[in-house]
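Summary of structural features
The residues making up each chain are set out below.
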Amino acid sequence: MSSDLVATPGPWWRPLARADRRALWFLVAVPALVFIVPALCGHPAIDADNLIQNYPLRVLAGRQIASGHLPLLNPLANSGTPLLGGMNAGALYPLTLLFAFLPALVAWTINMVAIYVSAGVGMFALLRWHGSRPLASVVAAFSYAWGGAMVGQMVHLGVVQGYSFIPWAMLVMLALSRRLREVPEGTSVARLSRIALPWALAEAAVWALTFLSGEPRAIATIELLTIVVVPCVLILRSSYWLFTWRSRVSYLATLLVGFAWGLGIGLVQMLPGWSFINYSERSQVNYQFFGAGSLALRWTSLLFTPTLLGGNGAFGQPSFFANYNLAEVTGYAGLLALVASAAFLTRLTWRGWRGSERDYAIYVVIGVVGLFATWGSFTPLGHLFHAIPLYGSTRLPSRNVILVDFPAAVLLGWWFEHVGARRTREAGLGRYARWMTIAPAVLVVALSAALLGWGPSVINWIGVGKGNPMLESGLRESNAIHLVLALVVALALIALVRRARQLMGVLMAVLALDLVVFLLFASTGLIGGAGPREASPSYAQSVIGSNGRFALVDKAGVHTGIFRTLGQPNMNVFTHLASIQGYGSLISALYDNATGTHPQAWLNACHLGEGDFAPLRLKVVAITSEELMAPVSQHSSIPTRCSPLTPETTVRRYFGRMLAPTTITLSGLNAAPISSGAMKLQLLSASGAVLPGPSYAVSQDSSSVTLHLAGDVKAAGFALEAPAGARVADALATFAGSSLTYRLDSHFQVALATSNWRLRSTDGSFAVLVATHLKPRAWLSTPAAGRVTKIRTSAWGDAWVSVTLNTKSALDRSEAYLPGWQASAVNESTSRVVNLVVHRSDIIQRVEVPQGSWIVHFHYRAPYVEVGLVASAVTLALWLASLAALILSTRRKRAARVLS
């Protein structure tokens with residue numbers, strides 16, 4: 001053992017000092033106020049992906065649990081898609097159960113409060129375990145919980161749930177090693193097992209909660225942290241270094257048992273999840289997919305100035321304007337955390353760190369690994385990360401920035417401890433070391449000044465186009481604030497280094513102001529935006545109706561607010577109207593290839609035109625004007641057609657909004673005549689009816705014709721009547737009040753402007769079209785074989801189809817095929833039960849039904865859910881029994897000590 005290792009600090013939690021109790025109450029009270037007050041004011045922390053994914057899916061899971069069913073299937077999205085296996089719902093996470101018993105917004109707010117209490121208290125406990133005083137520990141806790149990715153990723157509930165466990169996972173791994181270090185030589189295996197039991201239980205709890213969150217990125221982050229920490233504990237000399245082989249084996253065995261225990265509890269989530277992943281678009285993850293979302297090296301400057309490329313749009317500042325997403329690049333742990341990290345580096349000697357500082361060397365390793373993991377495929381080490389099992393199957397490496405934030409926050413606590421204790425040299429504030437310590441502040445001053453003076457050039461250097469002077473000028477306020485804060489820190493560390501009380505006051509003020517500015521300018525999802533958190537059933541019913549499924553098409557996102565009110569998936573949980581679309585990280589590869597519905601508010605226009613959506617009972621398509629027509633300047637050539645152009649007696653084109661056309665130009669295919677007979681063009685009303693007024697004659701045998709209209713009648717589109725049949729290869733239009741020419745030949749225009757669809761309404765700048773024919777929910781492939789007499793469905797996805805057959809026949813059901821669907825048939829005369837095999841018929845389900853009158857019951861059982869449920873129940877019972885035994889044993893020992 002090294003002679004310069006300090007004595008290990010004793011337990012701080014038994015009993016809690018007054019300062020600890022106040023600190024813990026503070027760490028609970030702040031998240032409660034931050035989330036409860038805005039929720040009471042109508043702005044709960046539900047925005048972005050939380051709004052359209054995490055919140056509604058948890059509401060759906062809660063409803064199904066409340067009805068007495070496992071939350072296995074979401075029947076409202078993607079024509080039926082896994083709920084538990086889809087991972088994003090966290091369907092059996094302990095706090096998701098609140099949605100079964102409490103109002104949805106109350107349950108959500110409790111979930112958010114719990115996350116940030118867990119993160120803050122976990123970091124506080126870790127720093128107190130390291131021996132820091134309550135003030136320094138609270139500082140580290142606030143830096144971690146209310147800075148960096150913990151706030152940036154707030155729009156992804158499952159991600160921050162996993163991030164909140166990082167301090168706890170770290171504490172378990174370090175405290176276990178220190179406890180095993182204290183075990184005397186010759187201790188029996190049984191005694192050693194009893195000593196390790198509390199830590200195995202704690203490790204199991206961390207992993208179980210991580211697995212049950214259902215978030216692959218959270219699981220991958222804890223995995224990477226473990227891969228880094230365990231070898232460091234075994235190799236680096238510190239107060240928790242294990243110097244005997246017996247203790248090392250015990251350490252690894254305890255962590256392995258804890259991991260296996262946690263995995264066993266989480267199997268009810270993981271087995272269906274992995275099964276669906278293997279059937280999803282992520283079944284094969286190549287290096288390009290893995291590296292998608294890596295943080296470019298020059299973008300690392302965002303760790304110093306979080307609003308460098310725009311912020312959240314608050315107070316009139318420009319929103320994030322780079323070709324990515326603000327939440328995915330936010331990793332600002334705070335100015336003082338950067339200063340503290342630099343201060344710790346000044347303590348490095350040619351023999352490494354010395355004394356108690358060796359306990360913190362592990363955080364430097366975590367930070368370095370986390371930084372390279374964040375860069376992902378932008379460095380050669382990206383291939384090494386991709387080779388890690390499980391971790392290499394995820395994407396968005398930029399989210400690993402939490403492993404940079406975390407050690408920076410820990411080192412901030414270390415630094416505050418020394419500054420508060422007036423240990424100037426140990427705090428990196430000695431005569432020469434201070435210049436390295438203040439280097440991050442100087443860098444922020446230089447960067448902020450450069451942005452204020454030459455913003456577009458700096459943005460161009462970072463790699464975001466040529467910069468935008470107008471957008472950059474809108475960031476002057478936040479850049480100026482960062483400049484002032486950095487100057488104050490630099491001057492304070494120079495002028496007040498001998499005045500500990502004044503210096504601590506300045507640093508605390510800077511820390512508070514820095515975090516507040518970060519929350520105001522760079523946070524996303526903390527304060528819910530305008531608009532309802534739930535879709536409107538009445539509005540959706542009036543626009544979409546209740547028969548069949550619907551689709552909302554708006555790839556550019558220009559109608560996000562309106563479409564969310566309609567129930568853009570997965571917000572249709574609140575309207576109870578089924579969609580062919582969905583929004584989640586996983587989708588059946590078969591379904592996605594056939595429909596193209598994985599991107600938000602999108603589908604495959606060519607397959608739509610070819611009728612591939614008919615078996616899915618697609619009844620309504622609400623589509624924005626931008627998807628029906630585009631300015632010629634943006635789309636100068638005619639799109640390649642999905643299928644050959646055939647003659648039509650009525651050629652329709654829709655504008656997607658009410659406009660007054662001034663010219664309409666029609667062209668035939670390859671300069672051929674549009675039609676061999678007479679034609680006339682008429683304008684259409686908002687509901688697709690022919691408007692009263694003049695019609696415009698088009699001479700036969702014309703290969704191209706331009707019609708000049710008065711421009712005083714607003715229409716939703718036009719119809720070209722051609723009894724002899726017409727083939728229009730291109731259609732252009734100009735409108736009153738606009739100098740642009742629009743092309744009306746997008747793939748969606750061609751797919752929807754047919755006899756299979758009719759215009760029902762034109763609402764603002766989007767059109768609603770309905771199918772002219774709709775398949776039933778189930779039908780016989782051989783109609784002459786019998787008939788379907790009755791269909792009944794449930795809210796959790798089961799269906800009962802009554803059929804009467806005079807001969808054996810295949811029964812098709814309009815529900816997406818998935819492994820896990822099962823069917824059984826009960827004979828209505830004899831009550832005989834026959835198990836049927838659910839086959840795939842294209843993308844829907846098919847079963848072979850024998851002759852007779854039957855009630856066919858379709859029910860979804862996620863693959864391996866029974867095995868997972870039993871394994872989770874058994875391991876959870878074992879965990880609870882072990883915990884109870886441990887508590888009783890501890891109480892008996894305390895009672896015995898009191899009596900003695």
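Residues numbered from 1 in each chain as written. Predicted model: local features only at pLDDT ≥ 70, side-chain atom pairs only at ≥ 80, totals over all residues. Heavy atoms only, no water.

From N to C terminus, the protein chain includes 28 helices and 24 strands. For 900 residues, the compact-globule formula gives about 29 Å, and the C-alpha radius of gyration of the protein chain, at 32 Å, lands near that figure. Expressed as lengths along the three principal axes of its C-alpha atoms, the size of the protein chain is roughly 100 × 80 × 50 Å. Counting over 900 residues, the protein chain shows a buried share of 58%. Across the protein chain, every contact between residues at least 6 apart in sequence was considered, and the portion connecting residues at least 24 apart equals 77%. Accessible surface computed for the protein chain: about 35,900 Å², of which carbon and sulfur atoms make up 62%. In the protein chain, 67 side chains carry a positive charge and 40 a negative one; their mean positions are 12 Å apart. (Helix = DSSP H or I, 4+ residues; strand = E, 2+ residues; numbered from the N terminus. Rg over C-alpha atoms; globule rule 2.2 N^0.38 Å. Buried < 20%, exposed > 50% of the residue type's maximum accessible area, 1.4 Å probe, protein only. Contact = heavy atoms within 4.5 Å. Areas by Shrake-Rupley, 256 points an atom, 1.4 Å probe, with all protein chains shown as cover. Lys, Arg positive; Asp, Glu negative; His and termini not counted. Charge placed at Lys NZ, Arg CZ, Asp CG, Glu CD.)

The next point concerns the sheet that holds strand E8 (residues 679-684). Sheet architecture is open: four strands sit in the order E6-E11-E8-E9, paired in antiparallel fashion. This sheet does not close on itself; its edge strands, each paired only once, are strand E6 (648-659) and strand E9 (696-698). The mean inter-strand angle of the sheet, taken between neighbouring strand axes irrespective of direction, is 20°. Here E8 runs beside E9; their pairing, made up of three bridges, is antiparallel. Paired with methionine 679 across the bridge in E9 is valine 698. (Pairing = 2+ DSSP bridges. Axes fitted to C-alpha atoms, helices over the stretch in contact; angles between N-to-C directions.)

This paragraph deals with the side chain of arginine 358. Within the fold, arginine 358 resides in the loop between helix H13 (335-346) and helix H14 (361-375). At 2.7 Å, the side chain of arginine 358 and the backbone oxygen of tryptophan 353 are in polar contact. (Polar contact = N/O pair within 3.5 Å; in protein donor to acceptor, adjacent residues only side chain to side chain.)

So, on to the nonpolar core. Membership of the largest hydrophobic core comes to 191 residues, with the highest contact counts inside it found for Trp415 and Val856. In contact with valine 856, other than residues within four places in its own chain, are Ala799, Trp800, Val801, Val803, Leu811, Ala823, Ser824, Ala825, Leu836, Val847 and Val849. Ala551, Ala716, Ala719 and Ala753 belong to the second-largest nonpolar core, a separate cluster that totals 33 residues. (Core = buried A, V, L, I, M, F, W, Y, C linked by side-chain atoms within 4.5 Å.)

Once that is clear, we can look at the packing of H14 against helix H16 (residues 402-420). Here H14 crosses H16 at 155°, and the two axes come no closer than 7 Å. When the axis of H14 is compared with that of H16, the two are roughly antiparallel. Note on packing geometry: the crossing formed by H14 with H16 is left-handed. Touching Tyr363, Ile366, Gly367, Gly370, Leu371 and Thr374 of H14 are Leu403, Val404, Phe406, Pro407 and Val410, all from H16. Per-class residue counts for the contact of H14 with H16 are eight nonpolar, three polar and no charged. (Parallel < 35°, antiparallel > 145°, perpendicular 65-115°, else oblique. Left-handed = near helix turned anticlockwise from the far one by under 90°. Nonpolar A, V, L, I, M, F, W, Y, C, P; charged D, E, K, R; others polar.)

What follows is about the pairing of strand E19 (residues 809-816). Here E19 lies mainly inside the structure; eight of its eight residues are buried. Burial of E19 is two-sided: the residues Ser809, Leu811, Arg813 and Glu815 facing one way and the residues Ala810, Asp812, Ser814 and Ala816 facing the other way are all buried. Of the pairings in the sheet, the one linking strand E16 (residues 778-780) to E19 comprises three bridges and is antiparallel in character. By the bridge assignment, alanine 778 is partnered in E19 with arginine 813. In this sheet, strand E23 (residues 844-849) lies alongside E19 in antiparallel orientation, the contact comprising six bridges. Within the sheet, the bridge partner assigned to leucine 811 lies in E23 and is valine 847.

Inspection of the entire model under this criterion finds one disulfide. Each sulfur of the disulfide joining cysteine 606 and cysteine 642 lies 1.8 Å from the other. The chirality of the disulfide connecting cysteine 606 with cysteine 642 is left-handed, given an S-S dihedral of about -55°. Of this pair, cysteine 606 sits in helix H25 (residues 605-609) while cysteine 642 is found in the loop between strand E5 (630-631) and E6, placing the two residues 36 residues apart along the sequence. (Disulfide = S-S within 2.5 Å.)

With an omega dihedral of 15°, the bond running from proline 569 to asparagine 570 counts as a cis peptide bond. Looking at the secondary structure, you find asparagine 570 in the loop between helix H23 (560-566) and helix H24 (589-595). A positive phi angle is found at arginine 422, which is not glycine, with a value near 60°. Not every positive phi belongs to a glycine, and arginine 617 is a case in point at roughly 60°. Mapped onto the secondary structure, arginine 617 falls in the loop between H25 and strand E4 (618-624). Overall, arginine 617 belongs to the buried group, its relative accessible area being 10%.

We now examine the environment of aspartate 592. Secondary-structure assignment places aspartate 592 in helix H24. Measuring from C-alpha to C-alpha, the distance between aspartate 592 and asparagine 111 comes to 32 Å, with 481 residues separating the pair along the chain. Beyond its immediate sequence surroundings of up to four residues, aspartate 592 is in contact with Ile587, Thr597 and His598.

Let us look at the layout of surface pockets. Considering only enclosed or pocket space, the second largest pocket measures out at about 1,100 Å³ in volume. As for the second largest pocket, its lining consists of 42 residues, of which Asp49, Val155, His156, Asn325 and Glu328 are closest to the centre. Put simply, the parts of the chain that give the lining of the second largest pocket at least two residues each are helix H2 (48-66), helix H6 (157-163), helix H9 (216-235), helix H12 (326-329) and helix H21 (500-522). The element that contributes the greatest number of residues to the lining of the second largest pocket is H2, accounting for four residues. In terms of residue class, the lining of the second largest pocket is built from 18 nonpolar, 15 polar and nine charged. (1 Å grid on protein atoms, 1.4 Å probe; cavity = no way out; pocket = protein on both sides within 12 Å on 5 of 7 lines; lining within 4 Å. Points joined across faces, edges and corners; volume = space filled by probe spheres on them.)

In terms of burial, strand E11 (residues 715-726) is a largely internal element, nine of the 12 residues being buried. When E6 meets E11, the two strands line up antiparallel, connected through seven bridges. In the strand pairing of E11, arginine 653 is matched with phenylalanine 718. Strand direction decides the pairing type here: E8 and E11, joined by five bridges, are antiparallel. Bridged to lysine 680 within E11 is glutamate 721.

Another aspect to go through is the sheet that holds strand E21 (residues 833-836). The sheet built from five strands is open, its strands ordered E17-E18-E24-E20-E21 with antiparallel pairing. This sheet does not close on itself; its edge strands, each paired only once, are strand E17 (786-793) and E21. Going across the sheet, the axis of each strand differs from the next one's by a mean of 20°, ignoring polarity. In the sheet, strand E18 (residues 799-805) pairs with strand E24 (residues 852-860) via seven bridges, with the strands oriented antiparallel. Bridge pairing links valine 801 to valine 856 in E24.

On to the pattern of salt bridges, then. Overall, the coordinates contain 14 salt bridges when judged by the stated rule. For arginine 282, the salt bridge is made with glutamate 281, and the minimal N-O distance between the two is 3.6 Å. On the accessibility criterion, glutamate 281 (23% relative accessible area) is partly exposed. Between arginine 347 and glutamate 357 there is a salt bridge whose closest N-O contact spans 2.7 Å. Taken as a pair, arginine 347 in the loop between H13 and H14 and glutamate 357 in the loop between H13 and H14 lie far apart in primary sequence, 10 residues in all. On the basis of relative accessibility, which here comes to 5%, the residue glutamate 357 falls in the buried class. What emerges from the salt-bridge pattern is a single network uniting Arg549, Arg813 and Glu815. (Salt bridge = Lys/Arg side-chain N within 4 Å of Asp/Glu carboxyl O.)

Time to look at the packing of aromatic side chains. Going through the model one piece at a time under the given rule, you end up with 32 aromatic pairs. Centroid distance phenylalanine 344 to tryptophan 353: 4.8 Å. Interplanar angle 15°. Geometry classified as stacked. Grouping residues by exposure puts phenylalanine 344 and tryptophan 353 together as buried. A ring pair is formed by tryptophan 602 and phenylalanine 748, whose centres lie 5.0 Å apart and whose planes are at 80°; its orientation type is edge-to-face. Taken together, the positions of tryptophan 602 in the loop between H24 and H25 and phenylalanine 748 in helix H27 (residues 747-752) put the pair 146 residues apart, joining distant regions of the chain. As far as the burial class goes, tryptophan 602 and phenylalanine 748 line up, both buried. (Phe/Tyr/Trp six-rings, centres within 6.5 Å; stacked < 30°, edge-to-face > 60°.)

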